[in-house]
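Each chain, letter by letter, is given below.
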Amino acid sequence: MMTDRSTSVQGLALAGALLATWDGLHPLFDQWAQASRDAVNKGAHGDHLVYRDGTPVGEETDDRTGQRTMTATRLGWISAARHVAGYTAGQLAGTVAVTRTLGYRVPAGALLTGAGINALTHLVIDKRQPLLWLAAKAGKGGYVEHCTVVRTVDEEGNARVEDSGPGSAAFELDQAAHRAIGVVAALVTTWITLRAARKGRRNDR
C-alpha cells in the first residue's frame, strides 16, 4: 500500500512543529508561570491537617483562628491542579499562536486531546508519589536517594536534605517524563489532525 507522500510530509511537519513548540515552552510554563505556593505544596500528602499555605496545624507561629484547614493530600491535589491548569492554558495558547502564524489550523478536537494527555499525566507526575513509585519499579530508587540537594541549614547548623526540586534526581525524572509524554501527545494530535483532513477530502469528492 502506497503512502500519500504529501500527507506524510504534512504529518512530519506538524509533529515537528508541535514538539518544538511544546518542548520550547515547557520550562516557561512549568517553572516561570508556576506560582510559588503551588511549587511548594503540590507534592504534599498525608492525613494531617494543614493551612492553605502548607503550614501544619499546631506548628503555626501566628494567630490563625478561623482560617481554613484541610488534609495535606487535599492541598497537594489542589496545588497540582492549579499549576497544571495554568500550564495547559499556556501550552494551548502557544500552540495556536505558532500553528496559526504558520498558516495551519489544528482541529480543536486534536488540539484538546493532545493537551489533555499532557495535562492528566502532568498532574499525576507532579504529585510525586506516583513518579517515585514508578522510579522504584524501574530500579531508580538508588538514583533518587543518592541525588538529593541541600538548600537550607537550620538554627543548629544541620543541613536540610530535599529529595525533590531542581538539582535532584526526582526533578530530572519528572522533566524527562514530561518531555517523553509530549512526544506521544504530539503524535496523537498529528494522527487525529491527518485523519480529519483525509475525511474532509473524501467528503469533498
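Everything that follows concerns the structure shown earlier in this document.
Not measured: the values here are computed from a predicted model. (Residues numbered from 1 in each chain as written. Predicted model: local features only at pLDDT ≥ 70, side-chain atom pairs only at ≥ 80, totals over all residues. Heavy atoms only, no water.)

A. How the structure looks around the layout of surface pockets. In this structure, the largest pocket spans a volume of roughly 930 Å³. Counting residues per element, the ones that place at least two in the lining of the largest pocket are α1 (5-32), α2 (36-41), α3 (72-101), α5 (129-137), β4 (159-162) and α7 (169-204). Here the lining of the largest pocket takes four residues from α7, the largest share from any one element. Its residues assigned to classes, the lining of the largest pocket shows 12 nonpolar, 11 polar and nine charged. (1 Å grid on protein atoms, 1.4 Å probe; cavity = no way out; pocket = protein on both sides within 12 Å on 5 of 7 lines; lining within 4 Å. Points joined across faces, edges and corners; volume = space filled by probe spheres on them. Helix = DSSP H or I, 4+ residues; strand = E, 2+ residues; numbered from the N terminus. Nonpolar A, V, L, I, M, F, W, Y, C, P; charged D, E, K, R; others polar.)

B. Geometry of the packing of aromatic side chains. Applying the stated criterion across every chain, the model contains zero aromatic pairs. Positioned above the aromatic ring of Tyr51, the side-chain terminus of Arg64 is 4.9 Å from the ring centre. The ring of Trp77 has Lys127 lying over it, and the distance from NZ or CZ to the ring centre is 5.3 Å. (Phe/Tyr/Trp six-rings, centres within 6.5 Å; stacked < 30°, edge-to-face > 60°. Lys NZ or Arg CZ within 6 Å of the ring centre and 35° of its normal.)

C. Spotlight on α3. Across its 30 residues, α3 extends 43 Å between first and last C-alpha, which sits within 8% of the 44 Å expected from 1.5 Å per residue. Immediately downstream of α3, the backbone of Gly103 shows phi near 80°, a positive value. (Expected span 1.5 Å × (residues − 1).)

D. The arrangement of unusual backbone geometry in detail. Despite not being glycine, Arg128 has its phi angle at roughly 70°, a positive value. You can see Arg128 is positioned in the loop between α4 (108-126) and α5. Among the residues examined, Arg128 registers a relative accessible area of 12% and is labelled buried. (Buried < 20%, exposed > 50% of the residue type's maximum accessible area, 1.4 Å probe, protein only.)

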